[in-house]
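Chains, contacts and geometry: an overview
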Amino acid sequence: GRFYFCDFGELENPPTVQNKQECLDAGFEWVNPQENYDNMYEAILTLFQVATLSGWNIIMYYSIDAVGVDQQPRVDHQPAWGLMYFIFIFLCAFFAMNLFIAVLIDKFNKLHEQFNGSAFLTNAQR
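As a starting point, this report considers the structure included with it. Every value quoted in this text rests on a predicted model; they were computed, and no experiment measured them. (Residues numbered from 1 in each chain as written. Predicted model: local features only at pLDDT ≥ 70, side-chain atom pairs only at ≥ 80, totals over all residues. Heavy atoms only, no water.)

Mapped onto the secondary structure, Thr16 falls in the loop between strand 1 (5-7) and helix 1 (20-25). Taking the C-alpha atoms as reference, Thr16 lies 9.9 Å from Cys6; in sequence the two are 10 residues apart. (Helix = DSSP H or I, 4+ residues; strand = E, 2+ residues; numbered from the N terminus.)

This is the structure in C-alpha cells:
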C-alpha cells in the first residue's frame, strides 16, 4: 500500500529514509495505518469513515503525503488529493441530506393520506 510509513517511535531527530528497505535496515518498523485502501474491505471502510466525517482529515493527509508503494511519505507530495476528498464529502453530504428530506416528505405524505388531509388537526379542529 501507499500509506505505509517508517515508524521511528519516540525519536526526536529521526533519520531520513526514502523507502521500506532503508527503514528496515536502520532497525525501525514499516507500518500501515488502520485507515487504508489496500483491499476492498479496507477501502469501503475508509470511505465510510470519510463520509461520516470521522477523522477524514487524517486520511486526507495520508493520501496527500503518499508517494508510492514501499516509499516513505513526503509532506504535501500530492495536494490535489485534498480536492478529491472535499468533493467526496460534499457529494456524500448532499446525498445524505436528500435522503433525509425524501424520507421526511414520504412520511408526511403517508400521514396526510392516513388522516384524510388533516394529519396535524385534532378531532375538534376537523
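Next comes the rest of the account.
Attention shifts here to the packing of helix 2 (residues 40-51) against helix 4 (residues 80-114). Put simply, helix 2 and helix 4 touch, their axes get as near as 9 Å, and they point 70° apart. Of the possible angle classes, the one that applies to helix 2 and helix 4 is roughly perpendicular. Along its contact with helix 2, which presents Leu47, Val50 and Ala51, the element helix 4 presents Tyr85, Phe88, Ile89 and Cys92. Looking at the contact of helix 2 with helix 4, its residues break down into 7 nonpolar, no polar and no charged. (Axes fitted to C-alpha atoms, helices over the stretch in contact; angles between N-to-C directions. Parallel < 35°, antiparallel > 145°, perpendicular 65-115°, else oblique. Contact = heavy atoms within 4.5 Å. Nonpolar A, V, L, I, M, F, W, Y, C, P; charged D, E, K, R; others polar.)

What follows deals with the packing of helix 3 (residues 56-65) against helix 4. As a packed pair, helix 3 and helix 4 sit with axes 8 Å apart at the nearest point and diverge in direction by 145°. Of the two elements, helix 3 crosses helix 4, and the hand of that crossing is right-handed. Between helix 3 and helix 4, the residues in contact are Trp56, Ile59, Met60, Ser63 and Ile64 and Trp81, Gly82, Tyr85, Phe86 and Ile89, respectively. Split into classes, the residues belonging to the contact of helix 3 with helix 4 amount to 8 nonpolar, 2 polar and no charged. (Left-handed = near helix turned anticlockwise from the far one by under 90°.)

Treat this as a map of the structure, not an account of what it does.
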